[in-house]
Structure formats: C-alpha cells, structure tokens
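Understanding the architecture of this molecule
What follows is each chain in one-letter form.
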Amino acid sequence: MLKVLLVEDENLIRRGLAFQMNWTDVGCVLVGEAASGEEGLEQIEALHPDIVITDIRMQDMDGLDMIRRGQEICSFRSIILSGYSEFDYAQKCLHYGAIEYLLKPVTSEQIRDFLMQLKENILHKRSYISQLNTYRQEIDSIKPLLREQFFQDLLQKSPDNETIHRMEHFLGLQICFPYLIT
C-alpha cells in the first residue's frame, strides 16, 4: 500500500477527500492529514509518504515551498489542488515534480484516477530500483575476480591507459606507474 498525505487548509475539502475516497481500492492508505504547509512538512518528515496531495495556497507556507522542502527530506510524488488556473503556478508545480495540477472543486474520481496512475509509476520505479540493486550486488560479488584478472592483465598484457583508468575507477584502485597499487 502506498502512503498518502493530504495537506489542505480548508477543513471541509480536506475532510471531504479523506472520507469520500476509498483509499484501499486504489492501493493506498491515508497516513496523515495536515491543515497547513508547516504541519504538512512535519508530517512528511515523520511519515515519509509516497504521495502528497496538497493545496497550493495556504497561510503559513504554500504548497510549492512545502513540496520543495519536503523533497529534501524524502522522495515522494505530488498532486496539487488549486482554485487558481494561473499558468505560472502550474509551471512551478511541474518544476517541483508535481504529477498533476487539479483545479478545485475536485472530485474523488479525479483523485482516484491520478492515484492509480501514480501507483503504477511508483511500483514500476520500485521494481526497477530493486532490479538495479540486485545487479549491483551481483557485480560487487564478482569484483574480487575482476580485480585478480585485472592484475594479471596488468602484469602480462600491458593494457592501454584508457582501460587502466576505467578499471581503476570501477574497482576503486589507484595505479601509479610503473604499476604501484595504492
């Protein structure tokens, strides 16, 4: 289940979305609600959500600043809710990685549709990262063999400088001429 944080200063909208959405139907769980950007930032730090749904204009800290500062704490995707159709806001939202900029009033169906898209993207990314980590572990497990082969090649075949530099970087070595390894 993906963790969702809902940040909206208008209590009626926030509570309405919280209760009208069937979060589990879209593979999500609502882990927190916040009524301000500051509170949202605190919850981002505490909960590490996968998705943040936020209003753009709030009293103490706007949604864009909260997203920008929150991204320094953890990685999440965001959906922006706004009563303003100004292009400048939408452009800034995209710059901060927002997936969607929805104009209020929004329906739970609109949110559900975007959550489904985000869920697929996030799960695909997680699968990719998991596969990448598996490959890294496999490469790390054969590095001793590669290091041994490289030393043999270094002594027997005198590889070119480009090959030496690539292997130095890959194996975490520093080779000084004439083959002093540090």
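Residues numbered from 1 in each chain as written. Predicted model: local features only at pLDDT ≥ 70, side-chain atom pairs only at ≥ 80, totals over all residues. Heavy atoms only, no water.

**Topic: the overall build of the protein**
As a reminder of what qualifies: Runs of H or I in DSSP of at least four residues are treated as helices and runs of E of at least two as strands, each being numbered from the N terminus. Per-residue accessibility, obtained with a 1.4 Å probe over protein chains only, is compared with the maximum for each type, and a residue is labelled buried under 20%, exposed over 50%, and partly exposed between these values. Contacts: residue pairs with any heavy atoms within 4.5 Å of one another. Residue exposure ignores everything except the shown protein chains as possible cover, and the areas themselves are Shrake-Rupley values with a 1.4 Å probe.
Along the protein, the regular secondary structure elements total 6 helices and 7 strands. Burial analysis of the protein (182 residues in total) assigns 38% to the buried set. Within the protein, contacts between residues separated by at least 24 positions form 62% of all contacts whose residues are at least 6 apart in sequence. Summed over its atoms, the accessible surface of the protein is roughly 11,000 Å², and 52% of this surface lies on carbon and sulfur atoms.

**Some details on the pattern of salt bridges**
Oppositely charged side chains can form a pair if their charged atoms are brought close together. Convention followed: In the sections that follow, a salt bridge refers to a side-chain nitrogen of Lys or Arg positioned within 4 Å of a carboxyl oxygen of Asp or Glu.
Taken as a whole and assessed by the stated rule, the structure comprises 9 salt bridges. Close ionic contact of Asp113 with Arg112 constitutes a salt bridge, the shortest N to O distance being 3.2 Å. Between Lys143 and Asp140 there is a salt bridge, with its nearest N and O atoms 3.7 Å apart. A residue pair is termed a helical-turn pair when its members lie 3 or 4 positions apart in one helix, as Lys143 and Asp140 do in helix α5 (residues 108-156) at 3 residues. Using a relative accessible area of 24% as the deciding quantity, one classes Lys143 as partly exposed. Each of Asp65, Arg68, Arg69 and Glu72 takes part in salt bridges that share partners, so that together they form one network.

**Considerations on helix α3 (residues 63-71)**
Selection criterion: The directions considered for the arc run from the helix axis to the C-beta atoms. The term polar contact refers here to a pair of N or O atoms within 3.5 Å; inside protein, the definition further demands a hydrogen-donor-capable atom paired with an acceptor-capable atom, and it admits residues adjacent in sequence only when both atoms are side-chain atoms.
Taken residue by residue, α3 has Gly63, Leu64, Met66, Ile67 and Gly70 as its buried positions. In a view along the axis of α3, the buried residues occupy a sector of 160°, so they form one face of it. Here α3 starts with a cap whose side-chain oxygen sits 3.1 Å from the backbone nitrogen of Leu64, and that cap is Asp62.

**Quick word on the layout of surface pockets**
In plain terms, the rule: Lining residues are defined by having an atom within 4 Å of a point belonging to a cavity or pocket. Those points lie on a 1 Å grid over the protein atoms alone, cavities being sets where a 1.4 Å probe fits but cannot get out and pockets being open sets with protein on both sides within 12 Å along at least five of seven lines. Grid points are joined across faces, edges and corners, and a volume is the space filled by probe spheres set on the points. By the convention adopted, Pro, Cys, Tyr, Trp, Phe, Met, Ile, Leu, Val and Ala count as nonpolar, Lys, Arg, Asp and Glu as charged, and the other residues, Gly among them, as polar.
The computed volume of the largest pocket comes to approximately 170 Å³. The wall of the largest pocket is formed by Asp50, Ser75, Phe76, Arg77, Ile122, Lys125, Arg126 and Ile129. Ranked by residue count, the leading element in the lining of the largest pocket is α5, at 4 residues. In terms of residue class, the lining of the largest pocket is made up of 3 nonpolar, 1 polar and 4 charged.

**Comments concerning unusual backbone geometry**
Positive phi values are uncommon outside glycine, yet His48 reaches one of about 45°. The residue His48 is located in the loop between α2 (37-47) and β3 (51-55) in this model.

**Considerations on the environment of Ile13**
Mapped onto the fold, Ile13 is located in helix α1 (residues 11-20). According to the relative accessible area criterion, Ile13 is partly exposed, its value standing at 24%. Separated by 91 residues in sequence, Ile13 and Lys104 have C-alpha atoms that sit 9.4 Å apart. Excluding anything up to four places from it in sequence, Ile13 contacts Glu8 and Lys104.

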